[in-house]
Structures are given as structure tokens and as C-alpha cells.
Amino acid sequence: MARVHIPKPWNIPEREVTPEADFINRRRFLTGIAGAGLSIAGASLLGCESNSESKTPTKSDANFTNFESFERNPNFAKVDRPLTDEALAAKYNNFYEFGGTKSIWKKAQALPTENWKVEVSGMVQNPRTYDLDDIGKKFPLEERVYRFRCVEAWAMVVPWTGFPMRLLIEDVQPASAAKFVRFTTYYNRKITKGPFWPPASRLPWPYTEGLRIDEMANELAFFAVGIYGHALPKQHGAPIREVVPWKYGFKGAKSIVKIEFIDKQPATFWNTLQPTEYDFEANVNPNKPHPRWSQATERMIGPGRASSWERRPTLLYNGYAEYVKHLYA
Ligand SMILES: Nc1nc2c(c(=O)[nH]1)N[C@H]1C(S)=C(S)[C@@H](COP(=O)(O)O)O[C@H]1N2
Ligand SMILES: [Mo]
């Protein structure tokens, strides 16, 4: 097999290097996966993706046509900082299934969202498979403005449209023995072929996440089907994703296909890869540094280089202590 050029992490343009991707890079080199003759599209990693020229897709194949009718919930509308510019948020994403750079929005357009179904199963009285139509009819959709904080220390404020997870719990009626929930997301190696992981990879696909059920029942925990007043674009996790604003962003699984109620803490993507860096609980905490960087401050997504973005102090539970601190007392 022909030897394929494998990009070194230090060849990635600086703007693309992020701590999470950096971890995957280091891991690949350390485990020697990179040594094999791999037919991966390494070249696309080297900055061929133009971030600025083409128009950013900010809409998906709208599954809900009447977004204008979903009102902002005034109880979840006030945040201590302005909304992030929509086009900036739509071009700065983590979606490792499609690649390890922040500019995966273009590649993420390959995600097929037609006839999407979400299976809810496990320890529940009413197992269900919802399509998006069911979701729109069954759950009253509303808009909430939430702060968002990635473990990599970038942050944003965005309006999500969706419904509280609590309503889904009420619909499926978990058994009392169910203590956790596992979210499984879309994965198809033919489509979700991020450049960091060749078939030989031992990365724990599909991307999964989990919560305790009492966390899921908290009034902040939200399923989003929209952002900025329209259906989620693919790069933000169309057609349905989790939003848990007091936790680091990696807890918010995108493009969910399955929700299972279980009695034990589930293995999850990042926690399986590196438990010392990505703990299951993953509550935003300025006083608990990541092993490789401080969490004391965060940078708000803005124009230009990340190094020029406004820095602010990180807030405990990302500012949502009054809603969630009793969960961890
Ligand atoms: N399926 C899936 N969900 C995911 C991720 C991912 O790589 N795959 N990345 C997570 C991380 S690390 C973050 S910070 C957020 C980013 O969400 P955004 O791109 O919509 O801002 O998505 C989370 N959900
Ligand atoms: Mo993240």
C-alpha cells in the first residue's frame, strides 16, 4: 500500500489547533496508529478548508416550518453578555465525526437528516421511537438563551429552540431502577469520516454521552432542534442535540439517534478516551483546572483570531449555580 503523508500536529494551522483535537493527535502518534499506511484524506487537514469565502449554511432541511411561532421563554432569556454572532457560531464547531478542526461546518453538510428517528428505550414503561413530526406535536417548543462553555475554554451565548428533557422523561416514564441516561449519536463510517480516525482507529465511536437522571430532569436540561430561530444547521448537531449549559460542551451530544435509560453510569466518548481529562460529570468549574490548562477564564467567540477574543472569568456551573448546585451538594 502506498505510504500516505500523515500531517504532523505542528503542521496544522495555528487557528485550527485546539486542545481536544490536540489530544487526539498526540494520542494517535503515541499509539502508533499513524505509522500504518492509511488511506485517509490527510491533505484536507492542512488548511484547505477556506473559512471565509463561501457562504456558511446556517439552516438545515427545515423539519419545522413554523419556527417564528416558538416564543422565547422569559425565564431563560437573560444572560450577562450579548448573543454571539450567528455566522461566527456556525463556523466554529466541534463535530469530530467530520474532522478535528474547528471549520468542519462544510464537511458536516454530508450528514443525512431525512426521516430522522430517535429511539427511546431501556428501563422505561413507554418505549418510543419519535420522528421529528412527533417531537413537534408532542412537546411545546420554546426558545432559551443560554451561555455555552467548551472545555477548551471558548464560550458563546446562543438562542436554542427546543424543549426541556423533563418532558421526555414524563412521556416515557422511566422505571425507578433507572439512574442514568445514555445518548447515542449518528455514526456511519462511510459518511462520518473525520480525518483523524482511519478504520484502524480505536476511538470509541459512535460519540456517546450520558447524564444522571436527576440531572436530566433539571429544568435547564434541554433538547435543541433549532438555533437562532430556525432548524439546527448540520454543524450544530441537526436535527436534535442535547444542551446542558452548566456542563462543558462535550456533554452536549449532537445528532442524537438513541436515548437509553439504564441503571449504571454509561461509558462515554471522551471519558473512555481520557478519563483524567474529561470526567463524566464535567461541570464547569473555574477552580478545577484541566490537566493541561487553566479553566479560570474563557474566551468569547468573536471575529479574527482566537487569541484576540475577549477573555472573561469562568463562572462556577457556567453561571447556573442557583439551578443546579443542589444536585452536587
Ligand atoms: N456527536 C457529537 N457531538 C458533539 C461533539 C462531537 O464531536 N460529536 N463535540 C462536542 C463538543 S466538544 C462541543 S464544544 C460542542 C460544540 O457545539 P457547537 O459546535 O454547536 O458549538 O458539541 C459537542 N457535541
Ligand atoms: Mo468542547
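## Some thoughts on helix H4 (residues 165–172)
At 3.6 residues per turn, the α-helix brings residues three or four places apart onto the same side.
So, point 1. With six of its eight residues buried, H4 lies for the most part within the structure.
So, point 2. The set of residues buried in H4 consists of Met165, Leu167, Leu168, Ile169, Asp171 and Val172.

## Considering the nonpolar core
So, point 1. Formed by 79 residues in total, the largest nonpolar core has its most connected members in Leu168, Met216, Ile259 and Phe261.
So, point 2. Other than its neighbours up to four places away in sequence, Leu168 contacts Val120, Tyr130, Phe139, Phe163, Met216, Phe223, Ile259 and Phe261.

## Observations concerning the packing of aromatic side chains
So, point 1. By the definition in use, this model includes 24 aromatic pairs.
So, point 2. Centre to centre, the rings of Phe95 and Phe98 are 4.9 Å apart; their planes meet at 80°, and the pair counts as edge-to-face.
So, point 3. Classification of Phe95 as buried rests on a relative accessible area of 4%.
So, point 4. Ring geometry for Phe183 against Phe223: centres 6.0 Å apart, planes inclined by 75°, an arrangement best described as edge-to-face. One end of the pair, Phe183, is in strand S5 (residues 180–185); the other, Phe223, is in strand S7 (residues 222–227), and 40 residues separate them in sequence. With respect to class, Phe183 is no different from Phe223; both count as buried.
So, point 5. Every member of this aromatic cluster is reached through a ring pair, and the members are Tyr96, Tyr187, Trp205, Tyr207, Phe250, Phe269, Trp270 and Tyr278.
So, point 6. Positioned above the aromatic ring of Phe76, the side-chain terminus of Arg144 is 3.8 Å from the ring centre.

Rules used throughout
- Residues numbered from 1 in each chain as written.
- Chains lettered and ligands numbered in written order.
- Predicted model: local features only at pLDDT ≥ 70, side-chain atom pairs only at ≥ 80, totals over all residues.
- Heavy atoms only, no water.
- Buried < 20%, exposed > 50% of the residue type's maximum accessible area, 1.4 Å probe, protein only.
- Helix = DSSP H or I, 4+ residues; strand = E, 2+ residues; numbered from the N terminus.
- Core = buried A, V, L, I, M, F, W, Y, C linked by side-chain atoms within 4.5 Å.
- Contact = heavy atoms within 4.5 Å.
- Phe/Tyr/Trp six-rings, centres within 6.5 Å; stacked < 30°, edge-to-face > 60°.
- Lys NZ or Arg CZ within 6 Å of the ring centre and 35° of its normal.

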